Amino acid sequence: NKFDLTTPTNKDQWYVEDPFDLRHNLAAQCSPQARAKILELMRAAGVSLGGGGAWREVCQPKQDDRHFIRCRVTASVTPVLLLDEFRPLSLQRLY
């Protein structure tokens, strides 16, 4: 029950508990539009699978090898340091 979790929530908010920080709701910033899109795609997947569709049709493999890393920039972790560390890996963008 999401109301018994460490972090308070309401009936309309999704709650995805971070396994490494039980007080962190990974879905806290999920907008109503994003929730509607996720539910729409889940319903379509359910219809497809229920009608005999294959998992590979519902969960198509990712087409690219791009990955995103989120990191706080601090006095000890600077943008220049990050660029230097990731240069051998063909870093495309740093925000």
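These numbers were taken from a predicted model, which means no experiment stands behind them.

Draft legend 1. Just the side chain of Arg35, in detail. Within the element layout of this structure, Arg35 appears in helix H1 (residues 32-50). Assessed through its relative accessible area of 15%, Arg35 is described here as buried.

Draft legend 2. Structural context of the pattern of salt bridges. This model, assessed by the stated rule, comprises three salt bridges. In this structure, Glu40 engages Lys37 in a salt bridge whose closest nitrogen and oxygen atoms are separated by 3.8 Å. Residue Glu40 and its partner Lys37 are both found in helix H1; the two are separated by three residues, about one turn of the helix.

Draft legend 3. The arrangement of the pairing of strand E2 (residues 21-25) in detail. Where strand E1 (residues 17-18) meets E2, two bridges bridge the pair, whose relative direction is antiparallel. For Glu17, the partnering residue across the bridge sits in E2 and is Asn25. What sits between E1 and E2 in their antiparallel hairpin is a turn of two residues.

Draft legend 4. Molecular detail of the environment of Val80. Within the secondary structure, Val80 is located in helix H3 (residues 79-86). For the pair Val80 and Trp55, spaced 25 residues apart in sequence, the C-alpha to C-alpha distance is 43 Å.

Draft legend 5. The side chain of Asp18, seen in detail. Residue position: Asp18 is located in strand E1. Notably, Asp18 is buried but unbridged: the nearest opposite-charge side chain belongs to Arg23, and the N-O separation is 9.6 Å. Polar side-chain contacts of Asp18 include one of 2.8 Å to the backbone nitrogen of Phe20. Ignoring any residue separated from it by four or fewer positions in sequence, one finds Asp18 in contact with His24 and Leu26.

Draft legend 6. Local environment of H1. Between its first and last C-alpha, H1 extends 26 Å over 19 residues, near the 27 Å set by a 1.5 Å rise per residue. Within two residues after H1, Gly52 carries a phi angle of roughly 95°, on the positive side.

Draft legend 7. Spatial organisation of a nonpolar patch on the surface. Taken together, the side chains of Ile38, Leu39 and Met42 define a hydrophobic patch exposed on the protein surface, amounting to about 260 Å² of accessible area. Met42 sits in the exposed class, given a relative accessible area of 54%.

Parameters at a glance
Residues numbered from 1 in each chain as written. Predicted model: local features only at pLDDT ≥ 70, side-chain atom pairs only at ≥ 80, totals over all residues. Heavy atoms only, no water. Helix = DSSP H or I, 4+ residues; strand = E, 2+ residues; numbered from the N terminus. Buried < 20%, exposed > 50% of the residue type's maximum accessible area, 1.4 Å probe, protein only. Salt bridge = Lys/Arg side-chain N within 4 Å of Asp/Glu carboxyl O. Pairing = 2+ DSSP bridges. Lys, Arg positive; Asp, Glu negative; His and termini not counted. Polar contact = N/O pair within 3.5 Å; in protein donor to acceptor, adjacent residues only side chain to side chain. Contact = heavy atoms within 4.5 Å. Expected span 1.5 Å × (residues − 1). Patch = residues over 30% accessible without salt bridge, like charges linked within 9 Å, V, L, I, M, F, W, Y side chains within 5 Å. Areas by Shrake-Rupley, 256 points an atom, 1.4 Å probe, with all protein chains shown as cover.

Keep in mind these numbers describe shape, not what the thing actually does.
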